[in-house]
Amino acid sequence: MTDAPQRLTIRRPDDWHLHIRSGAMLRAVLPLTARQMGRAIIMPNLVPPAVTTTQAEAYRDEILAALPAGSRFQPLMTAYLTDGTDADDLERGFRSGVLTAVKLYPAHATTNSAHGVTSIAHVVPVLERMQAIGMPLLVHGEVTHADVDIFDREAVFLETVLTPLLARFPRLKIVLEHITTAEGVDLVRRHGPSGRLAATITVHHLMINRSSLFAGGIRPHLYCLPIAKRESHRLALRRAATSGEPWFFLGTDSAPHPIGAKESACGCAGIFTAATAIELYAQVFDEEGALDRLEAFASLNGPAFYGLPPNADSIILERGGCVVPDVLDVDGRNAVLPFRSGERLDWRLLAE
Ligand code: NCD
Ligand code: ZN
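Let me begin by describing the structure that accompanies this report. Residues take numbers from 1 onward in each chain, read along the sequence in its written order. To label them, take the chains in the order written and letter them from A, then take the ligands in the order written and number them from 1. Under the rules for a predicted model, residues below a pLDDT of 70 receive no local features and side-chain atom pairs below 80 are neither given nor counted, while totals for whole chains, interfaces and linings still include all residues. Only hydrogens and water are set aside when side-chain values are computed; all heavy atoms of the structure are taken into account.

A word on the environment of A58. Summarising the element assignment, A58 is placed in helix α2 (residues 53–66). Accessible area is worked out with a 1.4 Å probe on protein chains only. A residue is then buried under 20% of its type maximum, exposed over 50%, and partly exposed in between. Given a relative accessible area of 47%, A58 falls into the partly exposed group. The spacing of A58 and R190 is 132 residues in sequence and 38 Å in space, taken between C-alpha atoms. For the purposes of this entry, the term helix denotes a DSSP run of H or I that reaches at least four residues, the term strand denotes a run of E that reaches at least two, and both are numbered from the N terminus.

Written out as structure tokens, the structure is:
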């Protein structure tokens, strides 16, 4: 196509769902996100998790200290909800600006979620307080019962946990994180217009389906939770992300694990996309003929839901591509493998 745009200038995007860990891993991966994103919602599933305002504040300080000199990247902190969370502490954290949101992991749903909530009944007073003060709840939407097939865990969660939660807390602001199913898309469309439900969509769920996990052999680096679903769901997610509807926005769920922890008899869940996140999303939007909607998804819808202004500055993407970096060293002993490592992408983020 001769009239395809060669350059795209959009407001600087934000990542509304990001894992950056701590220590050497944090120092290795943070600069990659800080180069692209203005802000990111930082997941609290450290070992041990960041549960209180004080712990979230200490984690924020560690992140700020690890930023490259001159970076204006802003980490938006979350507290990890447990059966014992103190509503007063959350309110203090929210009102003082330390906390942006609270993360609900059903116990044992995913990496480092052993301290998660065992039943919504245990956190009703905390959710009531969050509803009263306008503090968003970010939800890992999967049930954890061993008798529910792994590919059905999101759909069952929507029906048995989220739908009753929406009925019980009609004004609680909820983000259904990293949706992977057509059912998730439908539910968010139903409740999105009231302003109380939105969803993040990862770029890997726009690019891979469950067959990708077994293409030619088992592909541990494509294993994440929620697990990728069949092709019809991937296509529903692509239509949702590129629709321009304001209740869908960017959240990479970039989740780095050392290569040895992925290539293992019992490998960890998590895909590391942060190195080229915006280039990957640009590729998807380009393939869908929706580059004109990338800015809404990446840079406008998220802040609007969270009641924040969009970033003031812009980024420039250029057609002509980039090669995804090879392994990223962490500490001389451990390394992380970026999604699509070594492959050529169609778009490139211009340096500042
Ligand atoms: C995340 C991680 O590694 O922390 N893993 C993943 O597969 N997405 C946890 C999570 O968000 O589920
Ligand atoms: Zn995550």
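Following the structure, the description resumes.
The nearness test applies per residue and asks whether one of its heavy atoms lies within 4 Å of the molecule or strand. Ligand 1 sits among 15 residues. The nearest are R21, N45, T110, L225 and D253. N45 places a polar side-chain atom, nitrogen or oxygen, 2.8 Å from an oxygen atom of ligand 1. In the model, an oxygen atom of ligand 1 is placed 2.7 Å from a nitrogen or oxygen of the T110 side chain. All accessible-area figures derive from a Shrake-Rupley calculation using a 1.4 Å probe, and residue coverage is judged against the displayed protein chains alone. Alone, ligand 1 offers 310 Å² of accessible surface; in the complex the protein occludes 100% of this. Of all the cavities here, the one that holds ligand 1 is the largest cavity. In the analysis that follows, any N or O atom pair within 3.5 Å is treated as a polar contact, provided that within protein one partner can donate a hydrogen and the other can accept it, and provided that, for residues neighboring in sequence, both atoms belong to side chains. Cavities and pockets were defined on a 1 Å grid built from protein atoms only: a cavity is a group of points that admits a 1.4 Å probe but offers it no way out, a pocket is an open group of points flanked by protein on both sides within 12 Å along at least five of seven lines, and a lining residue is one with an atom within 4 Å of any such point. By definition, a pocket or cavity contains a molecule when more than half of the molecule's atoms lie within 2 Å of the pocket's grid points.

Only H17 (NE2), H19 (NE2) and D253 (OD) from the protein reach the zinc ion (ligand 2) as donors, at distances of 2.0 to 2.1 Å. For Na, K and Ca the donor cut-off is 3.2 Å, and for all other metals it is 2.8 Å, counting N, O and S atoms only; because water is absent from this set, sites may look incomplete. Each label reflects the angles at the metal, where four donors whose angles all fall between 85 and 135 degrees are tetrahedral, four or six donors whose opposite pairs open beyond 155 degrees and whose other angles stay between 65 and 115 are square planar or octahedral respectively, and the rest are irregular. Geometry at the zinc ion (ligand 2) is irregular, judged from its four donor atoms and the angles of 91 to 144° they form at the metal. Of note, the zinc ion (ligand 2) draws all its donor residues from one chain, in the sequence arrangement H-x1-H-x233-D. Placement of the pair is H17 in strand β2 (residues 15–18) and D253 in the loop between β9 (248–250) and α9 (259–262), with a sequence separation of 236 residues. Summarising the burial analysis for this pair, H17 and D253 share the class buried.

This paragraph deals with the sheet that holds strand β10 (residues 314–323). Backbone hydrogen bonds hold the strands of a sheet together, and the pairing may be parallel or antiparallel. A pair of strands counts as paired when DSSP detects no fewer than two bridges linking them. The antiparallel open sheet is built from three strands, whose spatial order is β1-β10-β13. The sheet is open, and its two borders are formed by β1 (7–11) and β13 (344–349), each paired with just one other strand. Across this sheet, the average inter-strand angle for adjacent strands is 35°, counted without regard to direction. Where β1 meets β10, five bridges bridge the pair, whose relative direction is antiparallel. Fitting a line to C-alpha atoms yields each axis, with helices limited to the stretch in contact; the angle taken between N-to-C directions then spans 0 to 180 degrees.

Looking now at unusual backbone geometry. Omega for the bond connecting V47 with P48 falls within 30 degrees of zero, at -5°, which places this linkage in the cis form. Among the structural elements, P48 can be located in the loop between β3 (39–42) and α2. A cis geometry characterises the amide bond from L225 onward to P226, with omega recorded as -10°. Along the chain, P226 turns up in the loop between α7 (204–207) and α8 (231–241).

Before going further, it helps to examine the layout of surface pockets. Grid points are joined across faces, edges and corners, and a volume is the space filled by probe spheres set on the points. In this structure, the largest pocket encloses a volume near 340 Å³. Around the largest pocket, the lining comprises 21 residues; the ones closest to its centre are H221, L222, L337, F339 and R340. Classification used: nonpolar for Ala, Val, Leu, Ile, Met, Phe, Trp, Tyr, Cys and Pro, charged for Asp, Glu, Lys and Arg, polar for all others including Gly. In terms of residue class, the lining of the largest pocket is made up of twelve nonpolar, five polar and four charged. Looking at the second largest pocket, its volume works out to about 260 Å³. In terms of lining residues, the second largest pocket is bounded by 15 residues, among which R12, G38, R72, F73 and D313 are the most central.

Attention now moves to the pattern of salt bridges. Salt bridges are defined as contacts in which a side-chain nitrogen from Lys or Arg sits within 4 Å of a carboxyl oxygen from Asp or Glu. Per the counting criterion, the structure on display carries 17 salt bridges. For R72, the salt bridge goes to D313, with nearest N and O atoms at 3.7 Å. Of this pair, R72 sits in the loop between α2 and β4 (74–80) while D313 sits in the loop between α11 (294–306) and β10, placing them 241 residues apart in sequence. Taking the relative accessible area as the measure of exposure, D313 reaches 23% and is therefore partly exposed.

Successive side chains on a regular strand alternate, one facing one side of the sheet and the next facing the other. Burial runs high along β4: six of the seven residues are buried. Bridge analysis of β3 against β4 gives four bridges, and the strand direction is parallel. Across the sheet, the residue bridging to A40 is P75, located in β4. By convention, a crossover is right-handed whenever its connection, traced from the first strand over the helix to the second and viewed with the strands pointing away, goes clockwise. Taken together, β3, α2 and β4 form a β-α-β motif whose crossover is right-handed.

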